Amino acid sequence: NLCPIQLLTASLHLSCARTMWRHLSAHPLVARVCESHPGRCVSAVVGSRTFRVTSGAVTVGCVGWEFVSFFARQHEEEPGMAELVLGLDSAVRRARVEKEARFRALLEDAKRGSGSPTEHALAVHRLMYPTLSPEELRQRRGRHGR
């Protein structure tokens, strides 16, 4: 639930932490650990170009993910935002959410094994295509190649 400003602030804190680590590494105990064999191995891995590139790519990916998630939540929470951006009326969005909830309930019923698979398939068909019979849907798919 971080906004982009908070992510930038976190990256600034990280750079401050690096500066603090440089000062801390002057401590004799830390220097001794860094000079040990495991310390040199860790230092070689962390200092490698592959690690830095991978770390940078993962960081950019996570920041992008958070950025998109932040604005997606805003679109869902703000009344009128989806209508403004996507042109969807609140009644249409509410109907979609209800349809998704019914679909998920049908899937849960099918997972529990209550009823036959044919009944579940027919119930899902009625939910997804309320105006078409299964035969009409097969004919349309045969005609239009889907």
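Residues numbered from 1 in each chain as written. Predicted model: local features only at pLDDT ≥ 70, side-chain atom pairs only at ≥ 80, totals over all residues. Heavy atoms only, no water.

Right, let's talk about the overall build of the protein chain for a bit. For the protein chain, the helix and strand inventory stands at eight helices and zero strands. Listing every helix and strand of the protein chain by position from the N terminus yields α-α-α-α-α-α-α-α. Across the 146 residues in the protein chain, those meeting the buried criterion constitute 8%. Taking contacts inside the protein chain between residues at least 6 apart in sequence as the whole, the part at least 24 apart equals 31%. Roughly 12,100 Å² of accessible area belongs to the protein chain as shown, and the carbon and sulfur atoms make up 63% of that amount. (Helix = DSSP H or I, 4+ residues; strand = E, 2+ residues; numbered from the N terminus. Buried < 20%, exposed > 50% of the residue type's maximum accessible area, 1.4 Å probe, protein only. Contact = heavy atoms within 4.5 Å. Areas by Shrake-Rupley, 256 points an atom, 1.4 Å probe, with all protein chains shown as cover.)

Together, Val42, Val45, Val46 and Phe51 give the surface a local cluster of nonpolar side chains, amounting to about 340 Å² of exposed area. Ranked by residues supplied to the nonpolar patch, first place goes to helix H3 (residues 37–46) with three residues. By the element assignment, Phe51 lies in helix H4 (residues 49–77). Using a relative accessible area of 37% as the deciding quantity, one classes Phe51 as partly exposed. (Patch = residues over 30% accessible without salt bridge, like charges linked within 9 Å, V, L, I, M, F, W, Y side chains within 5 Å. Salt bridge = Lys/Arg side-chain N within 4 Å of Asp/Glu carboxyl O.)

It is at 10 Å that the axes of helix H6 (residues 90–112) and helix H7 (residues 117–128) come closest, and there the two elements cross at 175°. Taken together, the axes of H6 and H7 lie roughly antiparallel to each other. Each of Lys99, Arg102, Phe103, Leu106, Asp109 and Ala110 in H6 lies in contact with H7, whose residues at this interface are His120, Ala123, Val124, Leu127 and Met128. (Axes fitted to C-alpha atoms, helices over the stretch in contact; angles between N-to-C directions. Parallel < 35°, antiparallel > 145°, perpendicular 65-115°, else oblique.)

This brings us to the pattern of salt bridges. Tallied over the full model, the rule gives four salt bridges. Two residues, Glu100 and Arg104, come together in a salt bridge whose shortest N-O distance is 2.8 Å. Highlighted residues: Glu100 and Arg104, both in helix H6, separated by four residues, approximately one helical turn. On the basis of relative accessible area, Glu100 is assigned to the partly exposed category, the value being 41%. We classify Arg104 as exposed; its relative accessible area is 52%. The residue Asp109 makes a salt bridge to Arg112 at a minimum N-O spacing of 2.9 Å. You can see Asp109 and its partner Arg112 sitting in helix H6, three residues apart, about one turn around the helix. Look at Asp109 and you get partly exposed, because its relative accessible area is 27%.

In this section: the side chain of His120. With respect to the helices and strands, His120 occurs in helix H7. With residues near it in sequence (within four places) discarded, His120 still touches Leu106, Asp109, Ala110, Ser114 and Gly115.

Along the chain, the position of His125 falls in helix H7. For His125, the side chain forms a polar contact with the main-chain oxygen of Leu132, separated by 2.8 Å. Not counting residues within four places of it along the chain, the set of residues in contact with His125 comprises Pro130, Leu132, Ser133, Pro134 and Leu137. (Polar contact = N/O pair within 3.5 Å; in protein donor to acceptor, adjacent residues only side chain to side chain.)

Moving on to the packing of aromatic side chains. As enumerated under the stated definition, the model contains two aromatic pairs in all. Ring centres 4.9 Å apart and planes at 70° place the aromatic pair Phe67 and Phe71 in the edge-to-face group. Of this pair, Phe67 and Phe71 both sit in helix H4, four residues apart, which is roughly one turn of that helix. Judged by its relative accessible area of 33%, Phe71 is partly exposed. Ring plane angle 80° and centroid distance 5.1 Å describe the contact between Phe70 and Phe71, whose orientation is recorded as edge-to-face. Of the aromatic side chains, those joined through ring pairs into one cluster are Phe67, Phe70 and Phe71. (Phe/Tyr/Trp six-rings, centres within 6.5 Å; stacked < 30°, edge-to-face > 60°.)

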